[in-house]
Amino acid sequence: MTLPADSRLDDLAARVERIVASAPVLDIHTHLYDPAFGPLLLWGIDDLLVYHYLVAEAFRQLREPYEDFWRLDKSAQADRVWDALFVRNSPVSESCRGVLTTLHRLGIDPRRHDLPSLRKWFAAWKTPDYVDRCLNLANLRGILMTNSPFDDEERPVWEGGFTRDTRFQAALRIDPLLVAWPDAAARLAQWGYVSSADLNQANFDGARRFLADWARKISARYVMVSLPPSFRYPDTSPTTRLIDEVVLPFCREHGLPFALMPGVKRAVNPALRLAGDGMGRSDLSALENLCSANPANRFLATVLSRENQHELCVVARKFRNLHIFGCWWFTNIPLVIDEMTRLRLELLGLSFTPQHSDARVLDQVIYKWDHNRRIIGSVLAEKYVDLARSGWWVTEDEIRRDVSALFGGAFESFCQS
Ligand code: HDL
Ligand code: ZN
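I will try to describe carefully the structure that is included in this document. (Residues numbered from 1 in each chain as written. Chains lettered and ligands numbered in written order. Predicted model: local features only at pLDDT ≥ 70, side-chain atom pairs only at ≥ 80, totals over all residues. Heavy atoms only, no water.)

## Regarding the pattern of salt bridges
Opposite charge on two side chains permits pairing when their charged atoms draw close. Keep this limit in mind: Whenever a carboxyl oxygen of Asp or Glu lies within 4 Å of a side-chain nitrogen of Lys or Arg, that contact is scored as a salt bridge. Secondary structure elements are defined from DSSP: runs of H or I of at least 4 residues count as helices, runs of E of at least 2 residues count as strands, and each element is numbered from the N terminus. Exposure categories follow from relative accessible area, calculated using a 1.4 Å probe and restricted to protein chains: below 20% of the type maximum is buried, above 50% is exposed, and the middle band is partly exposed.
The full count for this structure, using the stated rule, is 31 salt bridges. The partner of Arg273 in a salt bridge is Glu67, and the shortest N-O contact between them spans 3.2 Å. Here Arg273, found in the loop between strand E6 (264-265) and strand E7 (278-279), pairs with Glu67, found in helix H4 (residues 66-70); they are 206 residues apart in sequence, far enough to count as distant. When its relative accessible area of 45% is taken as the criterion, Arg273 is described as partly exposed. Two residues, Asp68 and Arg71, come together in a salt bridge whose shortest N-O distance is 2.5 Å. The exposure class of Asp68 is partly exposed, given its relative accessible area of 32%. A single network of salt bridges, built from pairs that share partners, joins Asp11, Arg15, Glu396 and Arg400.

Structure follows, in structure tokens:
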């Protein structure tokens, strides 16, 4: 069998990368907000620079006490970050490069603008126009927010009602219910759902009513929780009882997937505030047990530790009611995105969602998806070239179909299955 000419393989690879570069994406996990949330939707150069990923890196170059930094206003903090990470050092980290990619894609040369002039450029935008600009540059057909009824800034906006921007879909975030039940129960009691933190049927029913009311209010696509590396299932903790008696029955009744995000150690360095969370390796037998014991439930999962990723793919191979997604947080760097995307394609084919942005600042979607597309495109191109070497030449339509699945289609089919 004569090997196809290399030029045909190069042409195939180039076509794959072009399709990936231009395919619309559904971004299934972000911390962005519908523009109706006003100041909760962060955007612009100062928010880009004080993103907690950059703050953690900047503190490594700064010597002042943490509190001196936190006492500064946002633009003064941004000045410190810019000086520490972009002026006194080359911005080689992924978070720093992201700021530069965003500015570059917006047509701004930061070498020719100081921060005050950059601020003037951003200040000229009206939020709705800038939302369009960012979503168009990132080519997003929609984004999933992270919506918590326990968030005192967000809750009143939902309770007041507003006209939704349909590009901003909702995900119901319930961390306190599962990892801080006594505090959550006090809130649910205040809101009239439970009578106490006692783990009894009446309070389980009340907590399910709470989930139903909020899932309806926000039109939640899925329910989600982040969990510590110590998460076990089943065990004798309130977490297991609440998952079994409240969350899973609710998700079955309402046809919603339950998304678990294990591996985060909250506030390992509280002085860093939002930047202070760390990570640890999780015991994925919890995920196996959940999927195995609850075949009528659908689970989404992304795990924080690089060391868990191969195992996560194998768990997904065992349970078709598990859909894995994204390179979450500390795995969201080119080295690990490349490795995780290869692992997943080679072990799962196309039944997963390779990425989400986790964007907290609107403009970040521009860089996160620019960087993601390059890596995912290059890995996928290599896979199709491998197929060609085995005599299977994918067609352009098949490439578009596959990419559409990876960029939100497989997630949507899984949510409806
Ligand atoms: O818990 C989460 O959803 C994480 O994504 C955290 O919000 C984290 O602070 C983050 O922004 N990671 O990207
Ligand atoms: Zn997140």
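## Some thoughts on the nonpolar core
Counted only if it meets this: We call a set of buried residues a nonpolar core when its members are Ala, Val, Leu, Ile, Met, Phe, Trp, Tyr or Cys and they connect through side-chain atoms within 4.5 Å of each other.
With 148 residues, the main nonpolar core has Ile174, Phe258 and Leu322 as its most contacted residues. Among the elements that make up this core, the one with the highest residue count is helix H17 (residues 364-389) (twelve residues).

## Side note on the coordination of the zinc ion (ligand 2)
Here is the rule: Counted as donors are N, O and S atoms no farther than 2.8 Å from the metal, or 3.2 Å for Na, K and Ca; water is not among the atoms, and sites may therefore look incomplete.
Donor atoms from the polypeptide that bind the zinc ion (ligand 2) are His29 (NE2), His31 (NE2) and Asp358 (OD), placed at 2.0 to 2.2 Å. Look at where the donors of the zinc ion (ligand 2) fall in the sequence and you get H-x1-H-x326-D. Residue His31 is found in the loop between strand E1 (25-27) and helix H2 (45-49), and its partner Asp358 is found in the loop between helix H16 (334-348) and H17; the two are separated by 327 residues along the sequence. Of the two residues, His31 and Asp358, neither departs from the other in class, the shared state being buried.

## Focus: the sheet that holds E1
By way of backbone hydrogen bonds, the strands of a sheet pair with one another, either parallel or antiparallel. Just so we agree on the cut-off: Pairing between two strands is assigned when DSSP locates at least 2 bridges connecting them. Axis angles are defined between N-to-C directions and span 0 to 180 degrees, where every axis is a line fitted to C-alpha atoms and, for a helix, only to the segment in contact.
Overall, parallel pairing links the seven strands, which are arranged E1-E2-E3-E4-E5-E8-E9 in an open sheet. A single partner strand is all that each edge strand has here, and the edge strands are E1 and strand E9 (322-324). This sheet shows a mean twist of 25 degrees between the axes of neighbouring strands, independent of strand direction. Where strand E3 (residues 168-173) meets strand E4 (residues 220-227), three bridges bridge the pair, whose relative direction is parallel. Note that in E4 the partner of Ala170 across the bridge is Ala220.

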